[in-house]
Amino acid sequence: MPASTTNDPHGPRAAEQAAPEAPEASEVPAAPAAPAEAVTPLLRGIAVLRRLTEADGTLSPSALERSTGLARATVDRVTATLAHMGYVRLTGRDVTLAPRAAELGNAYLAALRLPSLLSPRADALADELDESVSLAVADRDAVRFIHQATRRRAMSLSFRIGDLLPAERTAPGPLFATEWTDPDWHHWRARRAADPHDTAFPAVPPSDHPAPDEDFTRRTTRAAADGWALDDQLIEPGLVAVSAPVRDPGTGRVTCVASVVSHTSRHTAAGLRDDLLPALLTTVAAMESDLRTAPPPEPGPVRAGLAVWTGASKHELGRSFVESLARGLTVLTAFGEGRSALTLTEVAKATGLSRATARRALITHEYAGLITPASPADRTFALTPRVLSLAFPPLSRLSLPQIAQPHLDELAARVRESASMAVLSGPASADQPHPRTRHKTTPYEIQYTARAATTRVLSAHITVGARLPARTTALGRILLAGPAAPDHVLTDGEPEAGLRSLAVPVHDRAGRPVAAIDVTTHAARRTPESCAAELLPALRETAAAIESDLRTAGRFRTVPPT
Ligand code: PHB
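Being a predicted model, the structure only gives us computed values, none of them experimental. (Residues numbered from 1 in each chain as written. Predicted model: local features only at pLDDT ≥ 70, side-chain atom pairs only at ≥ 80, totals over all residues. Heavy atoms only, no water.)

A.B. asks: I'd love a proper account of unusual backbone geometry, names of residues and values included.
C.D. replies: Of note in the backbone geometry, Q233 takes a positive phi value of approximately 60° without being a glycine. Mapped onto the fold, Q233 is located in the loop between β7 (229–232) and β8 (239–247). The class for Q233 is partly exposed, based on a relative accessible area of 34%. For R379, which is not glycine, the phi torsion reads 55° and is therefore positive. (Helix = DSSP H or I, 4+ residues; strand = E, 2+ residues; numbered from the N terminus. Buried < 20%, exposed > 50% of the residue type's maximum accessible area, 1.4 Å probe, protein only.)

A.B. asks: Break down the sheet that holds strand β13 (residues 418–425) for me, citing the residues and quoting the values.
C.D. replies: Strand order in the open sheet formed by 6 strands is β15-β14-β13-β18-β17-β16, and the pairing between neighbours is antiparallel. The open sheet has two edge strands with one neighbour each: β15 (467–469) and β16 (489–492). Strand-to-strand twist in this sheet, taken as the mean axis angle between neighbours without regard to direction, amounts to 30°. Summarising the sheet, β13 and strand β18 (residues 513–522) pair through 5 bridges and their orientation is antiparallel. Note that in β18 the partner of M421 across the bridge is I517. With respect to the sheet, helix α15 (residues 400–415) is in contact with β13, β14 (445–452) and β18, its orientation differing from that of β14 by roughly 65°. Packed onto the sheet, helix α17 (residues 528–553) meets β16, β17 (499–507) and β18 and runs at close to 30° relative to β17. (Pairing = 2+ DSSP bridges. Axes fitted to C-alpha atoms, helices over the stretch in contact; angles between N-to-C directions. Contact = heavy atoms within 4.5 Å.)

A.B. asks: Describe the pattern of salt bridges, naming the residues involved and giving the relevant values.
C.D. replies: Tallied over the full model, the rule gives 36 salt bridges. Taking the shortest distance from any N to any O, the salt bridge between D141 and R191 comes out at 3.5 Å. On the criterion of sequence distance, the pair formed by D141 in the loop between β4 (132–139) and β5 (142–149) and R191 in helix α7 (residues 182–194) is long-range, its members being 50 residues apart. Taking relative accessible area as the criterion, D141 reaches 1% and is therefore assigned buried. Taken together, the shared-partner salt bridges in this structure form one network comprising D141, E168, R189, R191, R192 and D213. (Salt bridge = Lys/Arg side-chain N within 4 Å of Asp/Glu carboxyl O.)

A.B. asks: Give me the pairing of β17: which residues, what numbers.
C.D. replies: The buried fraction of β17 is high, at 8 of 9 residues. As judged from the 4 bridges shared by β16 and β17, these two strands associate in the antiparallel manner. Note that in β17 the partner of D492 across the bridge is R500. Hairpin connection from β16 to β17: 6 residues lie between these consecutive antiparallel strands, with G493 at a positive phi of about 80°. Sheet topology places β17 next to β18; 9 bridges connect them, and they run antiparallel. Residue L499 lies in a different strand from β18, and its bridge partner there is H522.

A.B. asks: Go over the site of the ligand with me, naming the residues and quoting the values.
C.D. replies: In the vicinity of the ligand, the contacting residues are S134, F145, Q148, F159, T170, A171, P172, D231, I235, A241, S259 and V261. In this structure, S134 approaches the ligand through a side-chain N or O atom, which is 2.6 Å from an oxygen atom. Within the side chain of Q148, an N or O atom sits 3.3 Å from an oxygen atom of the ligand. The protein chains hide 98% of the 280 Å² of surface that the ligand would expose on its own. Partitioning the shell around the ligand into residue classes produces 7 nonpolar, 4 polar and 1 charged. (Near = heavy atom within 4 Å. Polar contact = N/O pair within 3.5 Å; in protein donor to acceptor, adjacent residues only side chain to side chain. Areas by Shrake-Rupley, 256 points an atom, 1.4 Å probe, with all protein chains shown as cover. Nonpolar A, V, L, I, M, F, W, Y, C, P; charged D, E, K, R; others polar.)

A.B. asks: So what's going on with the nonpolar core? Residues and values would help.
C.D. replies: L82, L280, L329 and I517 are the most contacted members of the largest nonpolar core, which has 118 residues in total. In this structure, L82 is in contact with V48, L49, Y87, V88, L325 and L329, ignoring residues within four places of it in sequence. In terms of nonpolar packing, the next biggest core, distinct from the first, is built from 24 residues, L165, V204, F216 and V254 among them. (Core = buried A, V, L, I, M, F, W, Y, C linked by side-chain atoms within 4.5 Å.)

A.B. asks: Run through the pairing of β4, naming residues and quoting values.
C.D. replies: Counting buried positions along β4 gives 7 out of 8 residues, so the element sits mostly inside the fold. In this sheet, strand β9 (residues 254–263) lies alongside β4 in antiparallel orientation, the contact comprising 5 bridges. The partner of L135 across the bridge, within β9, is A258. In this sheet, β5 lies alongside β4 in antiparallel orientation, the contact comprising 7 bridges. By the bridge assignment for β5, A138 is matched with V143. Where β4 folds back onto β5 in an antiparallel hairpin, the turn is made up of 2 residues, including R140, whose phi is positive at roughly 50°.

A.B. asks: So, the sheet that holds β8: which residues are in play, and what are the values?
C.D. replies: Within the open sheet, the 6 strands sit side by side as β6-β5-β4-β9-β8-β7. Their pairing is antiparallel. At either end of the open sheet lies a strand with only one pairing partner, and these are β6 (164–166) and β7. Taken over all neighbouring pairs, the strand axes of this sheet differ in orientation by 30° on average, direction set aside. Sheet analysis places β5 next to β6, joined by 3 bridges and oriented antiparallel. Bridge pairing links R144 to L164 in β6. Its contacts with the sheet put helix α5 (residues 114–129) on β4, β5, β8 and β9, and the angle it makes with β5 is roughly 65°.

Here is the structure:
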C-alpha cells in the first residue's frame, strides 16, 4: 500500500482523477484511475485537507482552486461541509484548519497505541538529557513522527507530529530500511530518481546535493549490525540525531524508532553516540518492556451512530452540505484504541452508515492511501500513518491562546463587549501548582494571553502580555483558587472604577483550570444582574467550546498555555 506523499501514484493530484472539473489530472502519468466505486466528493475533501495541511493550515478559496484543480463552486461546497463538521473555519477570505480536524489523526494515534504507551518514557528522556526526543514510524520509504518531546531552542528545525521525512535523510530511516523488501527498495530508488531534491517533502529543506543511493544502503547495512543509527546533518547543517529501534515484543519487528535530536553547537554526531546513546538504549529497553507488559487495549463504549449528519435533514444542513464527504471522513474516526482493525460490519455499526455506504468509503480511503487491509483472513481494515497528513502537523503546534482566539472573537462580537483570556503567572507557576494557600502574601499576577476588543473604547487598555495583580481581577480570583476554581466570579469597580468583569475558568482534559476568560463591561452599561443574565451564558458556552477544542488538540500532546 503506497503511503508516502512522495512517490506513490496517489500523490497530490490523485484525488482529482475522479473530478470532472480537473481535466489536467489526466496528465499525471503514473496515477491509477480511482476505482469506479470511489466516492468523488470524499476524494475532493481529502485533497482540500491535504493542500491546507501542506500550506501550514490556511489558504484562500482561490488558492485551493488552483492547487486542487477543482472548480470554485466545488471548493465552496467542500469547505462549507468541512466548516459544518468543525474541521475548518471560514474567516474573512481564508479557509483555516480548525482543532476539531485533529480527531482524524487522533483516531490513528489512538489505534496505534504507541504514543500513549511510550511517550512518558520519551518525555522523561528529554528531561534527563535536556534534548529533544521523538518517536517515528515507517511510512513506506519515509519516516513519520508520532510523538515529539521538544526543547525550545534556537538554531534548530524541529518537526511536528505528522511531518514526513525522506528515510535516507534521517537517523530512523536506515533502521526501518533493515526490514525493507525488494519492492520497497525499488520504490525508494524510483522516488529518488523522480524527485532528487525532495520537493514532495514540504517539512524538509530541499536537498541541493542529493547523496548517492549507495550512501543509504551502506548506512542501512551498518544500522543492521550496530542496532542504532546516526543523522549527521543530513536534513540541514547543524541538526544531528541518534536513533534506536523499538521492537514489537510479539513479532520482533521494528514498531517505531526513538531519536535524540541535538545541534552541533552542543553535540557532534560522534558525541551523541558516545554521550547520549547509552541513555537512549536504556530508555528503548524500558519501552520494549512496557510494550510486553501493557494491558490489552481498552475499546471504549461502542460508538454507534457517529455519523450524526445522516439524521439531519438536507434543509437543516443547507444546500452546500456534501453528505457523502462528511460520511466518508466519519469512517476514519470509527477507529481508535482497541479498534485498530475493523471489519466492514464494525465500521458500519460504529458510524451508523449503511454497509454499502461504509464499503464505498473504505474503498475510497484505500485508494487515497489512508486505510489498508489489516488482516485478509478476518477481512479487517486499519488506518495508515498517512492519516496524519490530513490536518495534523499544523494543528499539533497550536497554543492555548491560538485555540481560544476565534472563540473570543465570536464572543466579543456576540455580546458587543471585550473578551480576554489570562493565565496565572508569578511565584506559583512551575513548582507550586496550588497557589491557593499563599495568595494572601505573595504577589501573584495574571498575564493576558488573548484578547478580542470591541469598538467600544474602555478605560482599561489591556493588551496581550499585560500583567495585573491577580487578586484585583475576576480572572485572577478564578485562577488563584487552583483546582477548586469557582464557576464564575464577578468583580465590580476593580481593578479600575467603573469596570465590571465576569470571568469563568477554562479546564484542560484532566479537568484542571489552565486559564480563565472574561468579558469586561462598564458599570454604566450593565448592572451586575444583567451581567449574570446576559453575559454568563455566552461566556460559559465560549469556555465549553475552547475546552472541547483543547481536548481534541491536546489528546496526544501538551498544549502550551501561553
Ligand atoms: C527529529 O525528531 O526532529 C529528528 C529525528 C531524527 C532525525 C532528524 C530529526 O534524523
